[in-house]
Amino acid sequence: MAQIDEAVRAELTSLRESIDNIDAAVVHMLAERFKATQRVGRLKADHKLPPADPTREREQIARLRDLAAGAHLDPVFAEKFLNFIIAEVIRHHEAIARS
């Protein structure tokens, strides 16, 4: 491995520590989000509502795309990320409905 200047190494370490902290926050935020969606799933199951809500999903995708654009994040990436989460939430809601 090539020699890295100590100042560069220190900055790299600092940036990576920031990334690690952000990753931890993202994981905790996702955990909170899934706790809420589990409650939604139980409410839907109790009232015989469908696990998926395409209208809500479209609204959320549009909202997240706007938020992403405002935050200088690629809206396409944000949409892919939310679609992944939505698919997992629906899977959870279907499992709740079967139980």
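Just above, that's the structure.
Since the structure is predicted, the reported quantities are computational estimates derived from the model, not experimental observations.

**Considerations on the overall build of the chain**
In terms of helices and strands, the chain carries three helices and zero strands. For 99 residues, the compact-globule formula gives about 13 Å, and the C-alpha radius of gyration of the chain, at 19 Å, lies well above that figure. Its C-alpha atoms put the chain at 60 × 30 × 20 Å along the principal axes. Across the 99 residues that make up the chain, the buried fraction comes to 18%. In the chain, 61% of the contacts between residues at least 6 apart in sequence involve partners at least 24 apart. Working note: accessible area of the chain is about 7,800 Å², and carbon and sulfur atoms make up 61% of it. Of note, the chain has its 15 positive side-chain charges centred 9 Å away from the centre of its 16 negative side-chain charges.

**What to know about helix α2 (residues 54-70)**
Taking 1.5 Å per residue as the helical rise, α2 with its 17 residues ought to reach 24 Å, and the 24 Å between its terminal C-alpha atoms agrees with that figure. Buried within α2 we find Glu 57, Gln 60, Ile 61 and Ala 68. What you see down the axis of α2 is that its buried residues fit within an arc of 100°, all on one side. Turned more than 90 degrees off the buried face of α2, the exposed positions are Arg 58, Asp 66 and Gly 70. Close packing links the buried residues of α2 with α3 (75-98). Immediately downstream of α2, the backbone of His 72 shows phi near 60°, a positive value.

**Description of unusual backbone geometry**
Of note in the backbone geometry, Lys 48 takes a positive phi value of approximately 55° without being a glycine. Relative to the helices and strands, Lys 48 resides in the loop between α1 (6-46) and α2. With relative accessibility at 73%, the residue Lys 48 sits in the exposed group. Positive phi, normally seen in glycine, also occurs at His 72, with a value near 60°. Relative to the elements of secondary structure, His 72 occurs in the loop between α2 and α3.

**A look at α1**
The end-to-end C-alpha separation of α1 is 60 Å, in line with the 60 Å expected for 41 residues at 1.5 Å each. Taken together, the buried positions of α1 are Phe 34, Thr 37, Gly 41, Lys 44 and Ala 45. Packed against the buried residues of α1 are α3. The opening residue of α1, the one whose side-chain oxygen lies 2.8 Å from the backbone nitrogen of Ala 7, is Asp 5. Looking at the residues trailing α1, positive phi occurs at Lys 48, about 55°.

**Digging into the pattern of salt bridges**
Here the structure, examined in full by the defined rule, presents four salt bridges. A salt bridge links Glu 88 to Arg 91; its shortest N-O distance comes to 2.4 Å. On the criterion of helical spacing, the pair formed by Glu 88 and Arg 91 is a turn pair, its members being three residues apart in helix α3.

So, how was this worked out
- Residues numbered from 1 in each chain as written.
- Predicted model: local features only at pLDDT ≥ 70, side-chain atom pairs only at ≥ 80, totals over all residues.
- Heavy atoms only, no water.
- Helix = DSSP H or I, 4+ residues; strand = E, 2+ residues; numbered from the N terminus.
- Rg over C-alpha atoms; globule rule 2.2 N^0.38 Å.
- Buried < 20%, exposed > 50% of the residue type's maximum accessible area, 1.4 Å probe, protein only.
- Contact = heavy atoms within 4.5 Å.
- Areas by Shrake-Rupley, 256 points an atom, 1.4 Å probe, with all protein chains shown as cover.
- Lys, Arg positive; Asp, Glu negative; His and termini not counted.
- Charge placed at Lys NZ, Arg CZ, Asp CG, Glu CD.
- Expected span 1.5 Å × (residues − 1).
- Arc of directions from axis to C-beta.
- Polar contact = N/O pair within 3.5 Å; in protein donor to acceptor, adjacent residues only side chain to side chain.
- Salt bridge = Lys/Arg side-chain N within 4 Å of Asp/Glu carboxyl O.

Scope: geometric values only; no functional claims are made or implied.
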